[in-house]
Amino acid sequence: MSCCDRRTEVEGGLFNNKQMDWTSDNDDSDKFEWESDGEAEPSSAPAFRNLDAAGPSTLDSNGWANEEAPPTSLVEGYVLMGFPKEMVLKGIKEIGHSDANALLELLLTYKTLGDDAAAGNCSTSGCFPQSVEDDDDFDFENWDGDDDADGREPNPDSSGDEDFLREMSEKDNKIKSLVDMGFPEDEANMAITRCGVDAALTVLVDSVYASQAAGDCHYGNLSDYEVTGSCFDSLGGRKRARLMEGSKKRRKRYGGAAQGNRRPLDGSHEEPMPLPNPMIGFNLPNDRLRSVTRRLPQQAIGPPFFYYENVALAPKGVWATISRFLYDIEPEFVDSKHLCAAARKRGYIHNLPIENRFPLLPLPPKTIFEAFPHYKKWWPSWDPRRQLNCLQTSMSSAKLTERIQCALASSGNPPPKSVQKYVMDECRKWNLVWVGKNKVAHLEPDEVEYLLGFPRDHTRGVGKTERFKSLGNSFQVDTVAYHLSVLKDMYPNGVNVLSLFTGIGGGEVALHRLGIHMKTVVSVEIGEVNRRILRGWWDQTQTGTLIEIADVKSLTDDRIATFVRRFGGFDLVIGGSPCNNLAGSNRHHRDGLEGEQSALFYHYFRIVDAVKSAMGRM
């Protein structure tokens, strides 16, 4: 295990801090590395020391440098303001007494942390955590992230000053997230003031909407505010009525009245949404034995139709939250292994009909040997796989395949059970296939394209690493096309599509393969490589109009309204926001919908809501 000590300069001293480096490889399994020298410093060690502090020969009996002793009247003045004398002396030692405002601010910070916080290590540049003692009961090296911890590293000695800094950082991050969603900074700040810095982002979004609905009217409790006629009219009646009604419905669903009594929206106190087993959605092609019906909530009925996708195995409560924001629609969970030769467990929330679906033809292969018959020659009898696991965003290393080959070459035929287990674990993890005697290899990009339903060479022209990354984050085309197939008879003249988080165009390829003409596609995709791949495919296969937008945050409500007027509305809003903070077993990355990337889901909801509103005004 490597040692990585970071030395950060602070005012008058140095602070040593252990650095942790987490890495993530793909959307379904994360690996992480804990970089540390393995020996934490004793918690009693000072967090920093002042190299410029006066030496012992210059200090008086009270520990003050002779020329720096504060006036007694100054200390007594702060004591009369309610600050303990020890705290005042500590503050003066930290920053001196020449700047009264700075000293008062520091004393107020101590007061916020608790009267005994002056005993901690604080400076004008911030408060620094103490080192953590080793905990023999917690095995970092072998931790697999599947325990019941909330994903934070253990820190039993964390001090109040660290909590204060964390709270300030969380507040700044949440304000930034809300501003990125298009909310004014002052409204974001007000929402955090009302709900608290610990409130989930979903609560804050709801609070801002409620505030917008109430307009200039004052209300103290989100559960019981009322809007007067004059206030309501000043905000544009119809939109504010919708905001008001939506906010009331969400608050009712969220469990109640005041913030202190409601259930948090991040799902942390909810039972996980049960996943079906088998994961076959509402129905499958040629499934005549089951008859599934569903009734959509009134507010979910189009226009437009919308279709949202993300990983099924998300942290607890995530899908319940997504469902609540998307009009309480029940998710449809599907593992693509029921439609093709590779697994891909995904959840879909949509308001499409579920009757009269039909699959793409020709039907895709369902097994490895049907897809790639030439691999059967070298496939050992002790490898029972008939389908591949979820296709990842990265590929195995040459060193791994070499190790497997060496392990098998030095074993008998068949190899011992222990060797078989090692090889099978790696083969399943990386979807390795047999290409020779004792020789495995990862799939090639064109094979991954085939399994995911894309045309050959769809991603060709960019680097292999980028091809794997783009494909690993894409739709499984056959699955998505089965759901979208109901649109063909509904729109014989073609569709206008708003494609969010487009990626390499899985939704567009699905519509094309279904024979549904795309009159216009407004594509929002931040990845330059992905945009290049989509544009290359579009220019070769389509006659409609492709409008490309890089950042979903730039798609404002006004811009959406302009597109709606220009094209007469959108028939389909499709997309799947990033799963970076939802997938994988390493919970240090699994921040759920509060994570930096996965919080972009709220833009999907915002945009769908804006499209519905704009089309309702037509």
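In every chain, residue numbers begin from 1 and rise along the written sequence. Whole-chain, interface and lining totals are the exception, using all residues; otherwise, since this is a predicted model, local features are given only for residues with pLDDT of at least 70 and side-chain atom pairs are given and counted only at 80 or more. The side-chain figures draw on all heavy atoms in the structure; neither hydrogens nor water molecules are used.

Under an unreviewed UniProt entry, the name given to the chain is DNA (cytosine-5-)-methyltransferase, and the source organism is Triticum urartu. UniProt positions are given in the numbering used here, feature names are shortened, and annotations may be inferred rather than shown by experiment. Reading the Sequence similarities (unreviewed entry) entry of the UniProt record for the chain gives the comment "Belongs to the class I-like SAM-binding methyltransferase superfamily. C5-methyltransferase family." We quote the UniProt Subcellular location (unreviewed entry) comment for the chain here in full: "Nucleus".

Secondary-structure assignment places H483 in helix α15 (residues 477–484). Burial classification: accessible surface area is computed with a 1.4 Å probe over protein chains only, and a residue below 20% of its type maximum counts as buried, one above 50% as exposed, and the rest as partly exposed. For H483, a relative accessible area of 1% corresponds to the buried category. Polar contacts, as counted here, are pairs of nitrogen or oxygen atoms within 3.5 Å of one another; within protein the pair requires one atom able to donate a hydrogen and one able to accept it, and residues that are adjacent in sequence qualify only if both atoms are side-chain atoms. One polar contact links H483 to Y307, side chain to side chain, over a distance of 2.7 Å. Contacts: residue pairs with any heavy atoms within 4.5 Å of one another. Excluding its chain neighbours within four sequence positions, the residues that come into contact with H483 are Y307, E332, V334, Y348, L352 and R357. Helix and strand assignments come from DSSP, with helices taken as H or I runs of at least 4 residues and strands as E runs of at least 2, each series counted from the N terminus.

The next point concerns the environment of A342. Here A342 lies in the loop between β7 (332–335) and β8 (345–350). Along the sequence, A342 and Q387 sit 45 residues apart, while their C-alpha atoms lie 5.6 Å from each other. A342 has contacts with S336, K337, L388, N389 and L391, leaving out every residue within four places of it along the chain.

This brings us to the environment of D446. For D446, the location among the structural elements is in helix α13 (residues 445–452). You can call D446 partly exposed: its relative accessible area is 23%. The sequence separation of D446 and T459 amounts to 13 residues, and the corresponding C-alpha distance is 8.2 Å. Apart from residues lying up to four places away in sequence, D446 is in contact with R456 and R467.

This part is about the nonpolar core. Definition used in this section: a nonpolar core is a set of buried Ala, Val, Leu, Ile, Met, Phe, Trp, Tyr and Cys residues joined via side-chain atoms within 4.5 Å. Counting 67 residues, the largest nonpolar core has L484 and L572 as its most contacted members. Each residue touching L484, except ones within four places of it in the same chain, is listed here: Y307, L352, G507, A510, L511, L514, I516, L572 and I574. Core analysis: the next-biggest nonpolar cluster, separate from the first, contains 59 residues, L500, A561, V564 and M615 among them.

The next point concerns the packing of aromatic side chains. Each aromatic ring pair is specified by the distance between its two centres and by the angle formed by the two planes. Classification of ring pairs rests on two measures: the distance between centres of Phe, Tyr or Trp rings, Trp counted by its six-membered ring, which must be within 6.5 Å, and the angle between planes, read as stacked under 30 degrees, edge-to-face over 60 and tilted in between. Overall, the coordinates contain 17 aromatic pairs when judged by the stated rule. With centroids separated by 5.3 Å and ring planes inclined at 70°, the aromatic side chains of Y308 and F601 adopt a geometry described as edge-to-face. One end of the pair, Y308, is in strand β6 (residues 305–311); the other, F601, is in helix α20 (residues 601–616), and 293 residues separate them in sequence. Taken together through their ring pairs, the aromatic side chains of Y308, W319, F325, F333, F601, Y602, Y604 and F605 make up a single cluster. The ring of Y327 carries K612 above its face, with NZ or CZ at 5.4 Å from the centroid. Over a ring means this: the NZ of a Lys or the CZ of an Arg is within 6 Å of the ring centre and within 35 degrees of the ring normal.

We now examine the UniProt feature "active site" (unreviewed entry) in the chain. Taking the UniProt record as the reference, the feature "active site" (unreviewed entry) is found at C579. Position of C579 among the secondary structure elements: in the loop between β14 (572–575) and α20.

Of all 8 residues in α13, 6 are buried; the element is thus mostly enclosed. Buried within α13 are the following residues: P445, E447, V448, E449, L451 and L452. Considering only its buried residues, α13 is in contact with α10 (368–371), α14 (464–472) and α15. The positive-phi residue at the C-terminal boundary of α13 is G453, with phi of around 90°.

Here we come to helix α17 (residues 506–513). Note: α-helices contain 3.6 residues per turn, so residues at a spacing of three or four share the same orientation. Counting buried positions along α17 yields 6 of 8 residues, so the element is predominantly enclosed. Buried-residue contacts for α17 involve α15, α16 (487–490), β11 (495–500), β12 (518–524), α18 (528–541) and β14. Backbone geometry just after α17 places G515 at a positive phi near 80°.

Attention now goes to the pairing of β12. Counting buried residues along β12, 6 of its 7 residues qualify, which places the element largely inside the surrounding structure. Being paired, for any two strands, means DSSP has found at least two bridges between them. The pairing of β11 with β12 spans 6 bridges and is classified as parallel. The residue of β12 that forms the bridge with S499 is S523. Orienting the strands away from the viewer, one traces the path from the first strand over the helix to the second; a clockwise path indicates a right-handed crossover. Traced from β11 through α17 to β12, the parallel crossover comes out right-handed. Both β12 and strand β13 (residues 545–549) contribute to a ladder of 5 bridges, which runs parallel. Bridge pairing in β13 links V521 to L546. One crossover worth recording links β12 to the parallel β13 by way of α18, and it is right-handed.

Take the packing of helix α1 (residues 72–80) against helix α2 (residues 85–95) next. Contact pair α1 / α2: the axes reach a minimum separation of 9 Å and the direction vectors enclose 125°. By the angle between their directions, the pair α1 and α2 is classed as oblique. Crossing of α1 against α2: the hand is right-handed. Across the interface between the two elements, L74, V75, Y78 and V79 of α1 pack against K85, V88, L89 and I92 of α2. Axis lines are fitted through C-alpha atoms, for helices just across the contact stretch, and the angle between N-to-C directions can take any value from 0 to 180 degrees. Orientation categories follow fixed angle ranges, with anything under 35 degrees roughly parallel, anything over 145 roughly antiparallel, 65 to 115 roughly perpendicular, and all other angles oblique. Each crossing gets its handedness from the near helix: less than a right angle anticlockwise from the far helix is left-handed, clockwise is right-handed.

What follows is about the packing of helix α19 (residues 557–567) against α20. Each pair of packed helices can be summarised by the angle the axes make with each other and by the distance between the axes. The N-to-C vectors of α19 and α20 enclose an angle of 50°; their axes lie 9 Å apart at closest approach. Overall, the two elements α19 and α20 adopt an arrangement that is oblique. Both α19 and α20 take part in a crossing whose hand is right-handed. Contacts from D557, I560, A561 and V564 in α19 reach R606, I607, A610, V611, A614 and M615 in α20.

With that settled, consider the side chain of D571. Examined against the element boundaries, D571 turns out to sit in the loop between α19 and β14. Nearest to the buried, unbridged D571 among oppositely charged side chains is K519, at 5.0 Å. At a separation of 2.7 Å, a polar atom in the side chain of D571 contacts the main-chain amide nitrogen of N496. Apart from the residues within four sequence positions on either side, D571 is in contact with P304, F305, Y491, G494, V495 and N496. The convention is simple: Lys and Arg are positive, Asp and Glu are negative, and His and the chain ends are not counted. Any Lys or Arg side-chain nitrogen located within 4 Å of an Asp or Glu carboxyl oxygen qualifies as a salt bridge.

Within this structure, the stated rule accounts for 13 salt bridges. D425 is the partner of K421 in a salt bridge, and the nearest nitrogen-oxygen pair spans 3.0 Å. Here D425 and K421 lie together in helix α12 (residues 417–430), a separation of 4 residues that amounts to about one turn. Judged by relative accessible area, which is 37%, D425 ranks as partly exposed. Salt bridges here are not isolated pairs; linked through shared partners, they connect R535, D539 and E548.

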